[in-house]
Amino acid sequence: MLDQFFAGGRAYCMGSFNRADCWYLYTVSPGRPRYLPNAARHNLPHSWVGKVHREPDQTLEVLMMDLDPEKMKWFWKDICPTAAEATKNSGIDRLIPDMVIDDYQFDPCGYSMNGLMRTVPGGYMTIHITPESEFSYVSFETNVPQKSYKDLIARVVATFGPKQFVMTFFTSLKNGKKIDIEDGDYSVPQYIDYDVVDVQTCRLQAYDLTYALYNRFPS
Ligand SMILES: C[S@@+](CC[C@H](N)C(=O)[O-])C[C@H]1O[C@@H](n2cnc3c(N)ncnc32)[C@H](O)[C@@H]1O
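- An unreviewed UniProt entry lists the protein under the name S-adenosylmethionine decarboxylase proenzyme, with Portunus trituberculatus as the source organism.
- According to its UniProt record, the protein has this under Pathway (unreviewed entry): "Amine and polyamine biosynthesis; S-adenosylmethioninamine biosynthesis; S-adenosylmethioninamine from S-adenosyl-L-methionine: step 1/1."
- In UniProt, the protein has this text filed under Catalytic activity (unreviewed entry): "S-adenosyl-L-methionine + H(+) = S-adenosyl 3-(methylsulfanyl)propylamine + CO2".

### A few points about the overall build of the protein
Then comes step 1: Summing up its helical and strand segments, the protein has four helices and ten strands in all.
Then comes step 2: Counting all 219 residues of the protein, 38% fall into the buried class.
Then comes step 3: In the protein, the share of contacts with a sequence separation of at least 24, taken over all contacts with a separation of at least 6, comes to 55%.
Then comes step 4: A total of about 13100 Å² of accessible surface is found on the protein, and carbon and sulfur atoms cover 53% of it.

### Points about the domain arrangement of the protein
Then comes step 1: You can read the domains of the protein as domain 1 (1-53) and domain 2 (54-216).
Then comes step 2: Between domain 1 and domain 2, the contact holds 13 residues from the first and 16 residues from the second.
Then comes step 3: The junction of domain 1 with domain 2 conceals about 1300 Å² of combined surface from both sides, 59% of it contributed by carbon and sulfur atoms.
Then comes step 4: The interface formed by domain 1 and domain 2 contains zero salt bridges.
Then comes step 5: Our count for the domain 1 to domain 2 interface comes out at two residue pairs in polar contact (both at pLDDT 80 or more).
Then comes step 6: Listed by contribution, the elements that provide at least two residues to the side of domain 1 that touches domain 2 are strand E1 (10-16) and strand E2 (21-27).
Then comes step 7: Top element by residues in the side of domain 1 that touches domain 2 is E1. It accounts for five residues.

### Focus on helix H4 (residues 149-160)
Then comes step 1: End to end, H4 covers 17 Å across twelve residues, agreeing with the expected 16 Å (1.5 Å per residue, within 8%).
Then comes step 2: Burial in H4 covers these residues: Tyr-149, Leu-152, Ile-153, Val-156, Val-157, Thr-159 and Phe-160. Down the axis of H4, the sector holding all buried residues measures 160 degrees, keeping them to one side.
Then comes step 3: Two residues or fewer past H4, Gly-161 is found with a positive phi of approximately 60 degrees.

### Considerations on the pairing of strand E9 (residues 194-203)
Then comes step 1: Examined bridge by bridge, E9 and strand E10 (residues 207-216) share nine bridges and lie antiparallel to one another. From the neighbouring strand, Gln-200 faces E10, where its bridge partner is Tyr-211.
Then comes step 2: Connecting E9 to the next strand, E10, in antiparallel fashion are three residues.

### What about the site of the ligand?
Then comes step 1: Lining the immediate environment of the ligand, one finds Phe-106, Asp-107, Cys-109, Gly-110, Tyr-111, Ser-112, His-128, Ile-129, Thr-130, Pro-131 and Glu-132.
Then comes step 2: Measuring from an oxygen atom of the ligand, one finds a side-chain N or O atom of Glu-132 at 2.6 Å.
Then comes step 3: A total of 580 Å² of accessible area belongs to the ligand in isolation, and the protein chains cover 52% of it.
Then comes step 4: For the shell around the ligand, the secondary-structure elements that each account for two or more residues are strand E5 (111-117) and strand E6 (124-130).
Then comes step 5: Of the residues forming the shell around the ligand, the biggest block, three residues, is contributed by E6.

### Looking at the packing of aromatic side chains
Given two aromatic rings, one states the distance between the centres and the angle between the planes to describe the pair.
Then comes step 1: Enumeration according to the criterion identifies ten aromatic pairs in this entry.
Then comes step 2: Where Tyr-191 meets Tyr-214, the ring centres are 6.0 Å apart and the plane angle is 55 degrees; that geometry is what we call tilted. Of this pair, Tyr-191 sits in the loop between strand E8 (162-172) and E9 while Tyr-214 sits in strand E10, and the two are 23 residues apart along the sequence. When sorted by exposure, Tyr-191 lands in the same class as Tyr-214, which is buried.
Then comes step 3: One aromatic cluster is present, built from ring pairs that chain together Phe-165, Tyr-191, Tyr-194 and Tyr-214.
Then comes step 4: Its guanidinium or amino end placed over the ring of Trp-74, Lys-73 lies 4.7 Å from that ring's centre, counting from NZ or CZ.
Then comes step 5: A cation over a ring is seen here: Lys-150 above Tyr-191, with NZ or CZ 6.0 Å from the ring centre.

Analysis parameters
For every chain, the first residue of the written sequence is number 1, and numbering continues from 1 along that sequence. Confidence filtering applies because this is a predicted model: local features only for residues at pLDDT of at least 70, side-chain atom pairs given and counted only at 80 or more, and all residues used for totals across whole chains, interfaces and linings. To get the side-chain values, take all heavy atoms of the structure and skip hydrogens and water. UniProt positions are given in the numbering used here, feature names are shortened, and annotations may be inferred rather than shown by experiment. Labels follow the DSSP assignment, with helices taken as runs of H or I lasting at least four residues and strands as runs of E lasting at least two, numbered in each case from the N terminus. Summary of the burial criterion: residues with accessible area below 20% of their type's maximum are buried, those above 50% are exposed, and those between are partly exposed, where the area comes from a 1.4 Å probe applied to protein chains only. Whether two residues touch is decided by their heavy atoms; if any such pair falls within 4.5 Å, the residues are in contact. Shrake-Rupley sampling with a 1.4 Å probe provides the accessible areas, and residues are treated as covered by the protein chains on show and by no other component. In this document the domain limits rely on a domain assignment from an automatic tool or a database. Put simply, buried area is the surface a 1.4 Å probe can reach on two separate parts but cannot reach once they are joined, added for both. By salt bridge we mean one thing: a side-chain nitrogen of Lys or Arg within 4 Å of a carboxyl oxygen of Asp or Glu. Nitrogen and oxygen atoms within 3.5 Å of one another constitute a polar contact, given that in protein one can donate a hydrogen and the other can accept it, and given that sequence-neighbouring residues count only through two side-chain atoms. Helix span is expected to be 1.5 Å times the residue number reduced by one. As used here, the arc belongs to the directions running from the helix axis to the C-beta atoms. Note on pairing: two strands pair once DSSP finds at least 2 bridges between them. Put simply, a residue is near a molecule or strand once any heavy atom of it comes within 4 Å of that molecule or strand. Pairing of aromatic rings covers Phe, Tyr and Trp, the last counted by its six-membered ring, and requires centre-to-centre distances within 6.5 Å; plane angles under 30 degrees mean stacked, over 60 mean edge-to-face, and any other angle means tilted. Two conditions define a charge sitting above a ring: the NZ of Lys or the CZ of Arg must be within 6 Å of the ring centre, and it must be within 35 degrees of the ring normal.

Structural data, given as structure tokens:
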């Protein structure tokens, strides 16, 4: 389906097929500037011709399922009439400090926010919350570099209280100071309340990807 819209897209699946714990990824990498006529190409900086220009970067996603209803209550309008209250009462404003936040509370429930970092150009955080207990789901994503990804993930998980979550971490291969997600001898962060059920690492065209599935222990 997506192939109809994107040339050169690639689909991947991480996680376990037979447990229905799969996470699907579709990537599109900007290719050579083939669409430019030769004359226009000659106006490009020499180093760009036939190459892709990229800044080093890393992206963390935490995708959480089956959340703590007590922590989800802030995302119902009858309890929190405004998005600003939901952001503050839930602790979202303390996950990554120094963000300019644009937040929205849906009616009767649901919440979305986008935050831009004041001090890191291009640094963002985005959170989308479906609080209905039958199918509760929260997605968290940021590209803001962290000293400790383990600590950030712990804050995110403590804020929303999932029974299960998926962590994905992309890091660009040309990153001189390559940031990793390792925790001592382990390839992904370890938490006392969660079992790591699956871990996979994958080298994509321009990124290394680490995927892990965590289940709360005891369930
Ligand atoms: C936060 S929105 C965003 C969903 C989005 N697809 C995501 O996860 O990135 C989903 C939540 O908002 C609620 N909601 C209320 N009105 C909505 C609307 N008009 N459109 C989408 N979601 C709405 C849904 O019931 C659900 O709890």
